[in-house]
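Structural description and commentary
Letter by letter, the chains look like this.
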Amino acid sequence: MTSALQKNRPGAAFPFDNSYVGLPPRFFAAQAPTAVAEPWLIKLNEALAAELRLDVEALRRDGAAIFSGNLVPEGAEPLAMAYAGHQFGGFSPQLGDGRAILLGEVVDRSGKRYDIQLKGAGPTPFSRRGDGRAAVGPVLREYIISEAMFALGIPATRALAAVTTGEPVYREEVLPGAVFTRVAASHIRVGTFQYFAARGDTDGVRALADYVIDRHYPALKEAENPYLSLFEAVCERQAALIARWLHVGFIHGVMNTDNMTVSGETIDFGPCAFMDAYDPATVFSSIDQHGRYAYANQPGIGQWNLARLGETLLPLIDAEPDSAVDKANVVIKSYGERFQAHWLAGMREKIGLSGEEDGDLDLVQALLSLMQAQGADFTLTFRRLSDLAGDDAAEPEFAASFREPEACGAWLTQWRERLSRDPQTASERAVTMRRVNPAFIPRNHRVEQAIEAAVEDGDFSLFEALLSVLSKPYDDQPGFAAYREPPKPSERVLATFCGT
């Protein structure tokens, strides 16, 4: 048992190269993790650790202590970041890392910089009366979903490790505690800019914008108006990201401005989930009582959040207020076109089109409307369509996706007529479609089964199996065919909760 925080233990060092700590002190609070009673390493992502140039042998030996916060490795400069944010439309001028502590930054083998952060590592000055801790269930959910997103090819934070703490966490019930180690291109959010703007701290906004340009968009330093170009670049990345969410049926659940990164990564996998039966009004988050962050609302919320970012940048975009607003509005209005272009391009790929025609949008929307009316599973329908693209014999299986199999006949006729003008061969089309239509997603009931086994029985075998399956989402994996299937009525999980 480790009873006190240990620092700078030989052999446990990361190749830290910290930059955020060089910003002015008002950007963060120095904060060491709080030691826990008896840490145990649930999972170490050794492949990611190696890519980040970490000492994998040292992490195998000391990982429980390091990733619980009991052992702060040499070179770490732990801190909690300050930020604000709009939460369900209401502005909170001070949020910040209430249970997350940034250990430091490393540069991976390709030269990219990443944050390494502990979530659930104890209270910080931003904890707002919270205990700063996390429970095993939410930690496993974030591990599973973040690694699934990575395997699906969607920009997202990554999971480096998960540990139990040997201590209870008190929520509605007593739960086993855990700490999650997250890797991100950075943890700078729209809400980080809002924190300084809300205080009238234009110098702070400028310092943050300059840092973001240096770290994420270095080419913009030569732009005629770097800050306007920064706003445009963030809008472009978010439009592309949210389109990718919709392509795989992902619902974030809490798209607050403090949960939107300026790097363009998906962050904060709390009450998120993947849709089973297609319904654009689908909501999983237990706290989203009015559907603000429903599946179909995500593009519009993305634009709303980006408008809030634009507001913080106005003094930097142009010294003349009206001119600044005009310039920012041009960018924010272009977001809709950016999103639509990314979304339609991806949907064309999902139904096997390599070219473009004016009627493609209508064809896509007709399929989605049919799926909604017929209660078709989102993921399974598109995967079966991929099979049908290469083999007409697969039509009965595709038709079985619908409550009334014959209902898809008219759409299939239109689809085939459109494919007749597409240059791909049937075999080429099927291969291409299978690369964008996953066979496996982290089905909510499977995630909950893995969590329940771990929390109730200390059994992490379902967690490991799910990670294995989801690491190859575009492969058929016949031995795991059951993981493709949507939940039975008795298995459906309709609500998810915040946790980490």
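The structure contained in this document is the topic of the report that follows.

How each quantity is defined
- Residues numbered from 1 in each chain as written.
- Predicted model: local features only at pLDDT ≥ 70, side-chain atom pairs only at ≥ 80, totals over all residues.
- Heavy atoms only, no water.
- Salt bridge = Lys/Arg side-chain N within 4 Å of Asp/Glu carboxyl O.
- Helix = DSSP H or I, 4+ residues; strand = E, 2+ residues; numbered from the N terminus.
- Buried < 20%, exposed > 50% of the residue type's maximum accessible area, 1.4 Å probe, protein only.
- Pairing = 2+ DSSP bridges.
- Contact = heavy atoms within 4.5 Å.
- Polar contact = N/O pair within 3.5 Å; in protein donor to acceptor, adjacent residues only side chain to side chain.
- Core = buried A, V, L, I, M, F, W, Y, C linked by side-chain atoms within 4.5 Å.
- Axes fitted to C-alpha atoms, helices over the stretch in contact; angles between N-to-C directions.
- Parallel < 35°, antiparallel > 145°, perpendicular 65-115°, else oblique.
- Left-handed = near helix turned anticlockwise from the far one by under 90°.

Attention shifts here to the pattern of salt bridges. Taken as a whole and assessed by the stated rule, the structure comprises 36 salt bridges. The salt bridge partner of Glu464 is Lys43, with a shortest N-O separation of 2.9 Å. In this pair, Glu464 sits in helix α15 (residues 461-470) while Lys43 sits in strand β3 (residues 40-44), placing the two residues 421 residues apart along the sequence. Given a relative accessible area of 22%, Lys43 falls into the partly exposed group. A cluster of three or more residues bridged by salt bridges with shared partners is formed by Arg348, Glu357, Asp360, Glu417, Arg418 and Arg421.

Within strand β12 (residues 174-184), eight of the 11 residues are buried, which leaves it mostly tucked inside the rest of the structure. Bridge count for strand β9 (residues 113-119) against β12 is five bridges, and the pairing is antiparallel. Following the sheet pairing, Leu118 is matched in β12 by Thr181. Two elements, strand β10 (residues 134-135) and β12, share two bridges in a ladder whose sense is antiparallel. Within β12, the residue paired with Ala135 across the bridge is Gly177. In sequence, strand β11 (residues 158-170) turns back onto β12 through a hairpin of three residues.

So, on to the side chain of His445. Among the secondary structure elements, His445 is positioned in helix α14 (residues 444-457). Residue His445 is classed as buried on the basis of its relative accessible area, which comes to 5%. Ignoring any residue separated from it by four or fewer positions in sequence, one finds His445 in contact with Glu485, Pro486, Pro487, Glu491 and Val493.

Before going further, it helps to examine the environment of Arg60. Relative to the helices and strands, Arg60 resides in helix α2 (residues 56-68). Along the chain, Arg60 and Pro78 lie 18 residues apart, while their C-alpha atoms are 22 Å from each other. Setting aside anything within four residues of it in sequence, one finds Arg60 in contact with Leu44 and Glu46. Within polar-contact distance, the side chain of Arg60 engages the side chain of Glu46 at 2.7 Å.

On to the nonpolar core, then. Ranked by internal contacts, the top residues of the largest apolar core, which has 125 residues, are Tyr20, Phe193 and Trp415. Once residues within four sequence positions are removed from consideration, Phe193 is found in contact with Ile188, Val205, Leu208, Ala209, Val212, Val262, Leu309, Thr312 and Leu313. Counting 28 residues, the second-largest nonpolar core is a separate cluster that includes Leu71, Leu103, Val106 and Leu118.

Its place among the elements puts Ser186 in the loop between β12 and α4 (190-197). The exposure class assigned to Ser186 is buried, which follows from its relative accessible area of 0%. Polar side-chain contacts of Ser186 include one of 3.4 Å to the backbone nitrogen of Ile188. Not counting residues up to four positions away in its chain, the partners in contact with Ser186 are Asp115, Arg215, His216, Thr261, Ser263 and Glu265.

The buried fraction of β9 amounts to six of the seven residues, a majority that puts the element mostly inside the structure. Pairing between strand β8 (residues 100-107) and β9: seven bridges, direction antiparallel. Counterpart to Ala100 in the pairing with β9 is Lys119. Remark: five residues form the turn of the hairpin made by β8 and β9, two consecutive strands paired antiparallel; Gly111 in that turn has positive phi of roughly 90°.

On to the packing of helix α6 (residues 226-247) against helix α8 (residues 321-350), then. Running from amino to carboxyl end, α6 crosses α8 at an angle of 30°, the nearest separation of the two axes being 8 Å. Taken together, the axes of α6 and α8 lie roughly parallel to each other. Between α6 and α8 lies a crossing whose hand is right-handed. Contacts between α6 and α8 involve Leu228, Phe231, Glu232, Cys235, Glu236, Gln238, Ala239, Ala240, Ile242, Ala243, Leu246 and His247 from the former and Lys327, Ala328, Val331, Ile332, Tyr335, Arg338, Phe339, His342, Trp343, Gly346, Met347 and Lys350 from the latter.

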